[in-house]
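# Summary of the model geometry
Take a look at the letters that make up each chain.
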Amino acid sequence: MADRIPLPPIRAEEPVSSIRAALGEVCGYSHLTNYRFELEKPLASDFPPKSSDTPVVSAYTGRNAVVSVPIAMKSLDDENKDENSTVLDDYGDLSLLLDDGLQDGSALRIVLERYNVAQVRDHVVRLRSLLDGNAPSVVSLDDSDEEAETTKEEEKAEKPTEGVSKGESKESKSNGEKDADEKKAALPLYPIEKSVAVDSSKLKDYYYLSCGEESKLYLEDSSKLSVLNQENGSRKKKGKKGKGTTQNQGTEPLIEHVVRDIIPELNQLEEETRVKCSIQMSGFHPPPRSRRLLGDLAYLEVKLPDETNPIFVTAIPSGFYVNRSKLEGAEVKFDPTPSLQPCFSHELLDCLLQASRSLLAAWTGALAASKARSKLTKKLNADGHFSSLFRVAIRGDFKGYKCPAIGSAAEGIDALIHTPSWLVTIPKAELEAEESWNRNSAYVYNAARTEDDIANTFGVDFRNGSARDWNEELQTAREMPESTLVDRIERARVINKVLTDFGDASLLGIKAITDGQIAPMNPNEPARSQVYLHNNIFFSRAIDAGIETFKIAQGDKAARKSASRDVHCLGALHRMERTGLYTLATVLIDYLGTRFVCQSILPGILNGDKSHTILYGTVEAGFPLSWDQEMHKLLEETLGKLWIANRTLPRAPLTDERLAAIKAATHMDEDKANEEKKEENLSATVEISGPVEAKGIKGSDQRNYVLDMTRLTPRDANWVEEKKGGTGMWESVFKSDSSEGPKTKIPSSLADDEWTLAVLRPELVNSYTQLLLTKYAREKKKKKDAEREAKAKDESGETEGNSKSESSQDESKEKAEKESGTDGDRNALSDEDLEYVKSLRMNVNVFLPDIKSLKGIDDEAFSQLQKDEEVARKAAKFLWDQVLPSLTEEVRSGTGHQLPHDGRSLTDFLHQNGINCRYLGRLADLAQVEEKKDQEEIARFKQGNFEGLARKALPLFWLELLECEMVARAAKHVLDGYLLENGGIAAMSPMQTVASFLSALISSDEETAAQTENRILKRNANEPDEDDFRALVLSDDASEGNPMSVRIRSRAEVWQDIEQEIGRRFRYSLVNFNRHGNGGRALYIPLLRRVCQRTGVRLAAKNYEAGGKCFCGVGSDVAPSYPISPLDVIDIVPLMKHSAAHGGGFTPCAPGKSYGLPALHISLPDARTTLESAHVHHSGKALSRALDLAQEACSLYQRVAETPAHPGVVRCLDLMASILYDAQEPNLAAGNLSKSLGLLIQVKGFDSSDAINSHLLLFQMLLSGGKPHEAVKHIRAAIFLMELMGGPHHLELANAYHKLGTVYHGANDPKTALRFYKEASKRVSSDRLLEAMISKSLAVGLSHMGDFKGALEEEKKAYNVFALFLGKEHNLTKGSDQQLSSLAAAAVQQGSKMVKETYSEEEAAAADAIASELEAEEEAAAAAAEKKKKNNSKKKKGKK
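Notes on the structure follow. Starting from 1, residues in each chain are numbered consecutively following that chain's sequence as written. Whole-chain, interface and lining totals are the exception, using all residues; otherwise, since this is a predicted model, local features are given only for residues with pLDDT of at least 70 and side-chain atom pairs are given and counted only at 80 or more. Hydrogens are left out, water is left out, and the side-chain values use all remaining heavy atoms of the structure.

## Details of the overall build of the protein chain
Per the convention used, a helix needs a DSSP run of H or I reaching at least four residues, while a strand needs a run of E reaching at least two, with both numbered from the N terminus. Summing up its helical and strand segments, the protein chain has 45 helices and 25 strands in all. Per-residue accessibility, obtained with a 1.4 Å probe over protein chains only, is compared with the maximum for each type, and a residue is labelled buried under 20%, exposed over 50%, and partly exposed between these values. Here the protein chain holds 1440 residues, and the buried ones make up 48% of them. All accessible areas in this document rest on Shrake-Rupley with a 1.4 Å probe, and a residue is counted as covered only by the protein chains that are shown. Of the roughly 71,000 Å² of accessible surface on the protein chain, 50% is carried by carbon and sulfur atoms.

This is how it looks when you write it as structure tokens:
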């Protein structure tokens, strides 16, 4: 090509693929797919520059274009096999060409290559993408020209504003007054008639409120906004009259107004970039053999915009041309020969542009619209990543779209957020469409989509010749070298890529299995036993398929729990890096009530018994445990680091009763088992490291794999029946409860198969072990000190010099050990110490059912087992007696870590403290006890008894959050049961079941028939009725006795099942939910959010009437359930638990999107070490070094993850923001934190616990940086999220509203400040000193408004609390006392003035009354005189 495209500066390590990707964004080159790069000998300066006016039809792809044979094919020719030395490798980087002359200013030539059939299909896919709104907008890859042009435009735009600013500078105001006015004008103002509180029930404005915005400022027109702002009392700057536009800080318009004006234009441009051109394979494809031999590769049928008849295109190796096939009536005539005007081109787009003027005009318009869209987007997103996400989320609320599908969330915010949101916005274009209630207008006809679905391979790339060998890729990546940092980065990057692709492929496989696209490997067996093999991934259901497989726990619930425990333990082994043990790539996926296990294939497992060897454990029940010295050594070295002990077990571990049951239920080959035992001459016992169910297998690749690692800690003795060795804690609680209510829901026994899998948390084992080690060290030190004293007494007869010498030597030795830190070093430990440390390892095979007793087989091992059980009981009692009460006290006192905001952060909070979520019920019981104490204290306080009153009470939010999480977890299991009953018929069409279930969940009662009828009569005219819903589908017969009907439960049945599950799972009876007279403490909206997150349900973003009465519907017809109708359920997405995930738990995912997976653990110790070092330097106030380390860690995380949207990058940016803030750079700190918040939203969504913390920090930083307007938005976003996630009693709400009042008070706006102070006083706070501070602020606000009496009352409250908790000598108490005196005097003076004014008013009123009375008497006298005069005149006339 004659002209050139300047490249920006690039490194030699830059991959060639990135250059191809960049070229795909340039006008005139974006439609090129089949080409290669060649290094040119002359420099780029020797070529003419690229013209700024790029022609729509490329001049280099026509008949005269040089189309080369692919370089790989040239290698087949001996004469040309060495001519590829200057060709760039698409899978490599530029460093390979440094020896071939690559230097600064080198040129790369684009060489077109010939097509094959697969490349034609790829080319068509690329062109479809371009026509579907992805038209290029970049003219050059060098940004210098664009930046210069932008600078000129900005300078032109700034010229008229200079005169205005000069004019304003003439105003004579002091700097202090001017700053105060500007600060006050910058803050948002609120209508007097409305509350300043944030309404968390307005889910329709979810995306606005979660970003601290008000929807009215964006959606109302300018005239209404002007009136609204005038009502609010906003002050506009002096300017041109009649504009009616509120100004902010000079002449700059409010950002809300800018967005309101730009987004509709962007929406219109978005639609203009989409060209209505359908390209699909023709009905004549594939070519007949005769034409195939002539070179025809494919036949295409293209429907052009504004044209009736399609055109037909033939694809050949050198390009595309229009053929003679045409539509004649209802039939299509086949003639693939070139037409009179074939319009040949190497690129299909150039061919079509020559053949159709309508397409040429449409594509030209799309290019112009794309460039305009790019400029507007750049202008709109100049203020950061976080604001960009917000504007994408709300774009559907604005006009501009004609097609609702283009404005849908799937085309907008869903494409940017990794975790699908539980709320989905409905675009305005859809709501205004005809019959918008049925959602049909949001789906458009697309033949290409149908073609792609038919050709869907569900993740399998057949071009590679075979499916990917996931296990080999993963294990090879793990074995990559780690000698240098570059090697370690590459190793971590490959591991992350393989595991990410594996998770993506697993999702696609589950979707295919659910749709019936993949046949099982064992179709003759029941569905619960069926397994699947697709894309080299082994799929199975996490249910109990039978008793012939060796396992301890039985039942479907235990099988689900076992699969989850296995993935958790595999994750722990994955984080330990190189151990000599290999694990399979494993993920769990929950979808529509079924849990699937997805694993990579163990080498040789499918090739017969001889290709792999079982070295450890056993697979089939009834067979003896295998044992291998090498495998045992690997397990001992690996699991020993996790405090797991080696213990002796019977070689045949199952009891005779269990074996008899297995033999009766199956055809177990007992002779084969006994024969195998005799052949190997096995002993009666064997030493095992790890759980007895674990299996060690040597694969055909000679690697040692470990499977079924279901436990890394002992079983929780608190959940073991007391008669079977448990602690008996739950039994004692059950017996001590005299009330009959809870006993009806809570089982009297702990006999449950699921509790066999209930184990202690690793965090608890670590804390318990550290406690024992600390106790041992203290006792040893005490013993050593006693021995030293005794030795000193014994040696008292020796010389004083020797004593002093030895004493000084001991002291110096002890001091040296302490300073060098060798006191805790393993090498410095004695044999006794090492033996004690080893004794702390725990047996993970205690309290297991159906395991043969060692009594009589190995008495020493039996005695050791009893000791191990006692250790496990002590650890469980430590959890019950110390950890749970201390956590409750920590929540009450507010010490320790920050309290959680929602169920997900609550789970993480409990796990960090070593507490399993099954103890939620016990924590709730303790919370009720503490709340009762607080109520008694408050009662005594109101009676004047201040003794025993604590400063802090237990937050009401704590018990409400615990119950909310219990209900959410139980609801998930109940809903799964509903979907799976009757053969899973409800899972085939779950919309009605889910809508009715959620309606029952967020309601307090169920409507009567009359109430339902009255509600339906009041519905809007455009809302569907019952007949409309029934007409949506042809549903099954709902009559009784029909086995295929879907059963819809009433609200009472739903809550009965939920309470039953809570009683079984948490051993707790609810006090807030499903209870009348609970004081409004049921968290309905937080519960709805949490249930949707745990089940994958996505709802329409609209306001739901939570806490009222519901209608669940009956039968299997689609009924209008209320408050959530079936049409409000937009989607149900699968949830994934990845063994290599960054965090634990299940995460909602989007099938088919790699960015919809949970963030994975980064296998790069350098990144973690660097980040930890940055924290250390930050703590040591070495800010410069800390900042450098944080930036380095951020770069490492991003290079491995290949995206900045990763929790590791977010943590680094948070640390950088903290460092900059400490360095007195609040604006730079806020910029980093804003970027971190944007990335956090991409990873976790808008409403995560970390998002609340980021909003609160941003508030503080922006306030310090002099940006109160933005700061207020962030704290209001935090308030909304806190109430949305934790309810109205959230711990931090009172403090947040108080901070808002302080901001307005500092801006000299006492009216608004007082409103926020009053709102803060309405919120329940657990800190009585904070309540006192709020009262004091209220007193200040009321005094400013002239209400001295009210101010005096609030100041008295503050003084009493200050005096009680701080003492009368504290400055706050003294200041409050002085303020009391001032307010009392002001109140007396105001009262006297009011009395005088009242007396004066009364005197004036009395005088007015007397005057009125006199006037009335005079008027009456005058009227009487007039009447008398008239009577006299009448008498005179009568005499005459």
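## Observations regarding the packing of aromatic side chains
The pairing test for Phe, Tyr and Trp rings, Trp by its six-membered ring, is centres within 6.5 Å, and the orientation test on the planes gives stacked under 30 degrees, edge-to-face over 60, and tilted for anything in between. For the structure shown, the criterion picks out 28 aromatic pairs. Between Trp719 and Trp755 the ring centres are 4.7 Å apart and the planes differ by 50°, which places this aromatic pair in the tilted class. Of this pair, Trp719 sits in the loop between β19 (704-707) and α22 (729-736) while Trp755 sits in the loop between α22 and α23 (762-794), placing them 36 residues apart in sequence. Taken individually, Trp719 and Trp755 each receive the classification buried, so the pair is uniform in this respect. An aromatic cluster is present here, built from Tyr206, Tyr207, Trp422, Phe1246 and Phe1280 joined pairwise through their rings.

## Notes on the pattern of salt bridges
Opposite charge on two side chains makes pairing possible when the charged atoms of those side chains draw close. Each salt bridge in this description consists of a side-chain nitrogen of Lys or Arg and a carboxyl oxygen of Asp or Glu lying within 4 Å of one another. Under the defined criterion, the tally for this structure stands at 73 salt bridges. Arg951 is the salt-bridge partner of Asp1327, the closest N and O atoms lying 3.0 Å from each other. Placement of the pair is Asp1327 in the loop between α42 (1310-1322) and α43 (1328-1344) and Arg951 in the loop between α28 (920-942) and α29 (956-988), with a sequence separation of 376 residues. Residue Asp1025 pairs with Arg1019 through a salt bridge whose shortest N-O separation is 3.8 Å.

## A few points about the sheet that holds strand β11 (residues 531-534)
With respect to topology, six strands assemble into an open sheet ordered β11-β12-β14-β13-β24-β25, the strand pairing being antiparallel. Both edges of this open sheet fall to β11 and β25 (1147-1148), since each of them pairs with a single strand only. For strand β13 (residues 586-591) and strand β24 (residues 1135-1138), the ladder comprises four bridges, and the chain directions are antiparallel. Bridge pairing links Leu588 to Lys1137 in β24. Strands are treated as partners if at least two bridges between them are detected by DSSP.

## Overview of the nonpolar core
As used here, the term nonpolar core means buried Ala, Val, Leu, Ile, Met, Phe, Trp, Tyr and Cys residues forming a set that is joined through side-chain atoms within 4.5 Å. Ranked by internal contacts, the top residues of the largest apolar core, which has 225 residues, are Phe997, Leu998, Leu1001, Ile1058, Leu1099 and Phe1246. With 18 residues, α29 is the largest single contributor of residues to this core. Here a residue-residue contact requires only that any non-hydrogen atoms of the pair lie within 4.5 Å. In contact with Phe997, not counting residues within four places along its chain, are Ala971, Val974, Leu975, Tyr978, Val1054 and Ile1058. With 32 residues, the next largest nonpolar core counts Val120, Leu130, Val313 and Cys343 among its residues.

## A look at the packing of helix α41 (residues 1293-1306) against α43
Put simply, α41 and α43 touch, their axes get as near as 11 Å, and they point 30° apart. Here α43 runs roughly parallel to α41, going by the angle between their axes. Where α41 crosses over α43, the handedness of that crossing is left-handed. When α41 is examined against α43, the residues Ala1294, Asn1295, His1298 and His1305 are found in contact with a partner set consisting of Leu1330, Met1333, Ile1334, Ser1337, Val1340 and His1344. Axes here refer to lines fitted to C-alpha atoms; in helices the fit is confined to the stretch in contact. Angles between the N-to-C directions go from 0 to 180 degrees. Orientation categories follow fixed angle ranges, with anything under 35 degrees roughly parallel, anything over 145 roughly antiparallel, 65 to 115 roughly perpendicular, and all other angles oblique. By convention the crossing between two helices is left-handed if the near helix lies anticlockwise of the far one by an angle smaller than a right angle, and right-handed if it lies clockwise.

## Brief notes about helix α18 (residues 556-575)
Its 20 residues place the ends of α18 29 Å apart at the C-alpha level, agreeing with the 28 Å of an ideal helix rising 1.5 Å per residue. The positive-phi residue at the C-terminal boundary of α18 is Glu577, with phi of around 60°. For a helix, the expected span equals 1.5 Å multiplied by the residue count minus one.

## Quick look at the sheet that holds strand β4 (residues 278-281)
In space, the four strands of this open sheet follow the order β4-β5-β6-β7, with antiparallel pairing throughout. Bordering the open sheet on either side are β4 and β7 (319-322), each of which pairs with just one other strand. Taken pair by pair, the neighbouring strands of this sheet meet at an average axis angle of 30°, ignoring direction. Inspection of the sheet shows β4 paired to strand β5 (residues 298-303) by four bridges, in the antiparallel sense. By the bridge assignment, Ser278 is partnered in β5 with Lys303. The strands touched by helix α3 (residues 117-131) within the sheet are β4, β5, β6 (311-316) and β7, with β4 carrying the most contacts at an inclination of about 160°.

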